[in-house]
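# Remarks on the overall topology
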Amino acid sequence: MNMKTVCYGEHESVHFYSDESVGLFAIIAVHTTFSGCSLGGCRIKSFSSEKEAIQEVLRLSEHMTYKSLLCDLKMGGGKSVIVAGPNFKKTPQLLKSFANAVNSLGGQYIVSVDMGSDSDDMEFIKQTTDYVIGYDQNKGGAGDPGVYTARGVLAGMKTALQEKWSTSSFKDRKICVVGIGDVGRPLCQSLLEEGARLIVSDVDKKQIDWVKQFGEVEVVEPRKAHQVPCDIFSPCATGDVFTVENVKELNCQVIAGAANNQLVSEEVGKVLFQRDILYLPDFAVNAGGLVGVVLGGIRKENLEETLKKVDDIEELTRDILQRSEKEKKPTSQVALEMARKKYNIMYSKTRL
């Protein structure tokens, strides 16, 4: 295996791995190691270029730090991507090679699940490295963090209900969920149980059918989902969802979803603010998965304490929204400033 380490801006280190014998090209980005290590999922997907893969892993790892700081976890932020080329196959040999890459960092980075990877992958990786956490809870892992992420998104939505409509009830609220994966499934189930009128969208019909077993849903095409009239729009698939152009087509009052890096640029946050669309910043509202992994998996807190910490996302998002209103700033800017302030404090302490 070939390895190269470089530095990018504030990131402590970025590591490139290639193993042609198994078709592996991976990048592990370590943004911070406040607690002695960084934590973040392994994303497996195709990219148009190596530059795009680098940009994504840098943004994702940085936002992992911000999630941790906003939830007072004091866990460093990291992330990894495995680039899926034209003939890519997620084989045991490839996963073992990736596990060796993780192991080579000696604990600087702990891997968990993300888009394209799952708890079964983490359990297999566990055979090669101890620096992994997203496997079966019954075997000492944290399990799939999707359920915790969904619970946190639901908590954030409750804040939005209070702020926009002065209610805590989802009954008859139209909510459009795009992406019915590890987060979208439990989120949709909870919303139907809460009495919401659910609109769903996914490229995989099997995911749509799974949701239908819990109640009546309306189905829309993914490319048109953002135009659907609804109260809350919830992107739970890929990032870079919103651009300056397409947010002008939005027909919702609130955005609250699990997808990472939803805004293509900070300019998009300003447009949402100008349009009076309440945007719950992704690295705040989707932090439940990180909370679940850190408390339930690494620190071995009991389930009650872990869930309580996830539910605190309701209070966190309320703080962001109230500051946004008071300071007349986009919520995306407010959340970033809050995280950066905590980052500067933590950075100063670790350098003393």
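What you are looking at is a predicted structure, and each value in this text was computed from that prediction instead of being measured.

This part takes up the overall build of the protein. If you tally the helices and strands in the protein, you get 12 helices and 12 strands. In terms of overall dimensions, the protein has C-alpha extents of about 55 × 50 × 40 Å along its principal axes. Burial statistics for the protein: of 352 residues in total, 53% are counted as buried. A fraction of 61% describes how many contacts in the protein between residues 6 or more apart in sequence connect residues 24 or more apart. Accessible surface for the protein amounts to roughly 15,500 Å². Of this, 46% is attributable to carbon and sulfur atoms. Averaging the coordinates of the 43 positive side-chain charges in the protein and doing the same for the 47 negative ones gives two points 2 Å apart.

Looking now at the sheet that holds strand β12 (residues 278-279). Ordered by their spatial adjacency, 6 strands build an open sheet running β9-β8-β7-β10-β11-β12, and the pairing between neighbours is parallel. Looking at the sheet topology across the chains shown, the edges are occupied by β9 (217-219) and β12. Across 2 bridges, the pairing between strand β10 (residues 232-235) and strand β11 (residues 254-255) is parallel. Its bridge partner being in β11, isoleucine 232 is matched across the sheet by valine 254.

Spatial strand order, β1-β2-β3-β5-β4-β6: 6 strands in an open sheet with mixed pairing. In this open sheet, the two edge strands, each paired with only one partner strand, are β1 (2-6) and β6 (109-113). Averaged over all pairs of adjacent strands, the angle between their axes in this sheet comes to 20°, without regard to strand direction. Along the sheet, helix α2 (residues 92-103) makes contact with β2 (13-19), β3 (24-30), β4 (38-45), β5 (76-83) and β6, crossing β3 at roughly 30°. Of the strands in this sheet, β4 and β6 are in contact with helix α9 (residues 288-298), which crosses β4 at around 125°.

Considering the arrangement of structural elements, one finds glycine 77 in strand β5. Glycine 77 gets classed as buried once you look at its relative accessible area, which sits at 0%. For the pair glycine 77 and leucine 280, spaced 203 residues apart in the sequence, the C-alpha separation amounts to 21 Å. Contact partners of glycine 77, with chain neighbours within four places excluded, come to Ala29, Val30, His31, Thr32, Ser38, Leu39, Ser61, Met64 and Thr65.

This part takes up the packing of helix α5 (residues 184-193) against helix α6 (residues 205-212). As a packed pair, α5 and α6 sit with axes 10 Å apart at the nearest point and diverge in direction by 30°. Here α6 runs roughly parallel to α5, going by the angle between their axes. The handedness of the crossing between α5 and α6 is right-handed. Between α5 and α6, the contacting residues are Arg185, Cys188, Gln189 and Leu192 on the first element and Gln207, Trp210 and Val211 on the second. Across the contact of α5 with α6, the residue classes tally to 4 nonpolar, 2 polar and 1 charged.

When you tally the buried positions in strand β8 (residues 197-201), you get 4 out of 5 residues, the bulk of the element. Two strands pair when backbone bridges link them, and strand β7 (residues 174-178) and β8 are joined in this way by 5 bridges, in the parallel orientation. From the neighbouring strand, isoleucine 175 faces β8, where its bridge partner is leucine 198. Chirality of the crossover, the property in question, places the unit of β7, α5 and β8 among those that are right-handed. Direction of pairing for β8 relative to β9: parallel, over a ladder of 3 bridges. Its bridge partner being in β9, leucine 198 is matched across the sheet by valine 217.

Of note in this structure, aspartate 276 is not a glycine but carries a positive phi near 60°. Of note, aspartate 276 is situated in the loop between α7 (266-274) and β12. You can call aspartate 276 exposed: its relative accessible area is 55%. Despite not being glycine, lysine 328 shows a phi value in the positive range, around 55°.

Let us look at the side chain of threonine 32. Along the chain, threonine 32 falls in the loop between β3 and β4. Classification of threonine 32 by relative accessible area gives buried; the value is 2%. In this structure the side chain of threonine 32 is engaged in a polar contact, spanning 2.7 Å, whose partner is the side chain of threonine 65. Reaching out from threonine 32, the side chain makes a polar contact with the backbone nitrogen of glycine 77 at a distance of 2.9 Å. In contact with threonine 32, other than residues within four places in its own chain, are Glu12, Cys37, Ser38, Thr65, Gly76, Gly77 and Tyr343.

Conventions adopted
- Residues numbered from 1 in each chain as written.
- Predicted model: local features only at pLDDT ≥ 70, side-chain atom pairs only at ≥ 80, totals over all residues.
- Heavy atoms only, no water.
- Helix = DSSP H or I, 4+ residues; strand = E, 2+ residues; numbered from the N terminus.
- Buried < 20%, exposed > 50% of the residue type's maximum accessible area, 1.4 Å probe, protein only.
- Contact = heavy atoms within 4.5 Å.
- Areas by Shrake-Rupley, 256 points an atom, 1.4 Å probe, with all protein chains shown as cover.
- Lys, Arg positive; Asp, Glu negative; His and termini not counted.
- Charge placed at Lys NZ, Arg CZ, Asp CG, Glu CD.
- Pairing = 2+ DSSP bridges.
- Axes fitted to C-alpha atoms, helices over the stretch in contact; angles between N-to-C directions.
- Parallel < 35°, antiparallel > 145°, perpendicular 65-115°, else oblique.
- Left-handed = near helix turned anticlockwise from the far one by under 90°.
- Nonpolar A, V, L, I, M, F, W, Y, C, P; charged D, E, K, R; others polar.
- Right-handed = clockwise from strand over helix to strand, strands pointing away.
- Polar contact = N/O pair within 3.5 Å; in protein donor to acceptor, adjacent residues only side chain to side chain.

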